[in-house]
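A look at the structure
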Amino acid sequence: MTTSHSEPAEVRLRPPRNEVDPRAVAWWRAGIALTFAVPVVVLVVLGLLIEPARFWLLMPAVVLVLAGLPLALLLPRWWFRLHRWEVTDTAVYTRSGYFWQEWRVAPLSRIQTVDTQRGPLEQHFGLATVTVTTASAKGAVKIEGLDQHTAADVAEQLTETTQATAGDAT
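Parameters and conventions
- Residues numbered from 1 in each chain as written.
- Predicted model: local features only at pLDDT ≥ 70, side-chain atom pairs only at ≥ 80, totals over all residues.
- Heavy atoms only, no water.
- Helix = DSSP H or I, 4+ residues; strand = E, 2+ residues; numbered from the N terminus.
- Salt bridge = Lys/Arg side-chain N within 4 Å of Asp/Glu carboxyl O.
- Buried < 20%, exposed > 50% of the residue type's maximum accessible area, 1.4 Å probe, protein only.
- Polar contact = N/O pair within 3.5 Å; in protein donor to acceptor, adjacent residues only side chain to side chain.
- Axes fitted to C-alpha atoms, helices over the stretch in contact; angles between N-to-C directions.
- Parallel < 35°, antiparallel > 145°, perpendicular 65-115°, else oblique.
- Nonpolar A, V, L, I, M, F, W, Y, C, P; charged D, E, K, R; others polar.
- Pairing = 2+ DSSP bridges.
- Contact = heavy atoms within 4.5 Å.
- pLDDT = per-residue confidence, 0-100.
- Core = buried A, V, L, I, M, F, W, Y, C linked by side-chain atoms within 4.5 Å.

Within the secondary structure, leucine 64 is located in helix 2 (residues 54–82). Each C-alpha atom of the pair leucine 64 and phenylalanine 36 lies 6.5 Å from the other, and the pair is 28 residues apart in sequence.

The subject of this paragraph is the pattern of salt bridges. For the structure shown, the criterion picks out 5 salt bridges. As a salt-bridge pair, glutamate 19 and arginine 84 come within 3.6 Å of each other at their nearest N and O atoms. Of this pair, glutamate 19 sits in strand 1 (residues 18–19) while arginine 84 sits in strand 2 (residues 84–87), placing them 65 residues apart in sequence. On the basis of relative accessible area, arginine 84 is assigned to the buried category, the value being 16%.

What follows concerns the side chain of threonine 88. As for its placement among the helices and strands, threonine 88 is situated in the loop between strand 2 and strand 3 (91–96). Owing to a relative accessible area of 16%, threonine 88 belongs among the buried residues under this scheme. A distance of 3.1 Å separates a polar side-chain atom of threonine 88 from the backbone nitrogen of threonine 90.

A few words on the packing of helix 1 (residues 23–49) against helix 2. Two numbers describe how helix 1 lies on helix 2: the axes approach to 9 Å, and their chain directions differ by 180°. In terms of axis orientation, helix 1 runs roughly antiparallel to helix 2. Class assignment of the residues belonging to the contact of helix 1 with helix 2 gives a composition of 24 nonpolar, 2 polar and 3 charged.

As a further point, take the sheet that holds strand 4 (residues 102–107). Read from one edge to the other, the open sheet built from 4 strands follows the order 1-2-3-4, with strand pairing classed as antiparallel. Edge positions in the sheet fall to strand 1 and strand 4, since each of these pairs with one other strand and no more. As defined by bridge partners, strand 1 adjoins strand 2 across 2 bridges and the pair is classed as antiparallel. Note that in strand 2 the partner of asparagine 18 across the bridge is tryptophan 85. Strands in contact with helix 2 are strand 1, strand 2 and strand 3; relative to strand 2, the strand with the most contacts, it is inclined by about 30°.

Once that is clear, we can look at the sheet that holds strand 5 (residues 111–117). Strands sit in the order 5-6-7 across an open sheet of 3 strands; the sheet is antiparallel. With partners counted over all chains shown, the strands left at the sheet margins are strand 5 and strand 7 (141–147), one partner each. Taken over all neighbouring pairs, the strand axes of this sheet differ in orientation by 20° on average, direction set aside. As defined by bridge partners, strand 6 (residues 127–134) adjoins strand 7 across 5 bridges and the pair is classed as antiparallel. Looking at strand 7, one finds that threonine 131 is bridged to lysine 142. Of the strands in this sheet, strand 5, strand 6 and strand 7 touch helix 4 (residues 148–164), which is tilted by about 165° from strand 5.

Let us now look at the confidence of the model for the protein chain. Of the residues in the protein chain, 88% reach a pLDDT of 70 or more, and the chain-wide mean stands at 89. Scored below 50 in pLDDT, residues 1–7 makes 0 contacts in the model with residues more than four places away or belonging to other chains.

Before going further, it helps to examine the environment of valine 65. Relative to the helices and strands, valine 65 is located in helix 2. Separated by 28 residues in sequence, valine 65 and alanine 37 place their C-alpha atoms 7.9 Å apart.

Here we take up the nonpolar core. One finds Trp28, Trp85, Val92, Ile111, Val130 and Leu158 to be the most contacted residues of the largest nonpolar core, which totals 30 residues. Elements represented by at least two residues in this core include exactly helix 1, helix 2, strand 2, strand 5, strand 6, strand 7 and helix 4. With 6 residues, the top contributor of residues to this core is helix 1. Residues within four places of tryptophan 28 in sequence aside, it is in contact with Val20, Pro76, Trp79, Phe80 and His83.

Laid out in structure tokens, this is it:
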């Protein structure tokens, strides 16, 4: 069966093919490390300055280090194996999540905007995030952990393709 130009192509939920950039592992590790390091430093400084409360300030710092270290070492590798993305002629596919995995499909005819973002840590690692905003109540589809040049190419490709795709993005 062939579809006419007035009918949109069928979009099916399927696993995306592309991995995120391997540098995303270091980016995620740095993010986790910073999340745990800030309160640890504050607790240690306060523990050194306030002698009567030293134990009660240093103990949570130790607990945070013991919790944060395995998280920073193990979770990013696991995330790398799970996160996937792909852009086809008909849709943007993503799979993300940690414990609750989410697969998303954004048909090109539903795309409203395409943005790239590079936070300070992403810039340091040469990475970027592509955000594809659609008419979905679920919100934007994000492709995180892309090489900055790949992200720019994806954003350009999606912009060109969606401009040429029939539909009103609603």
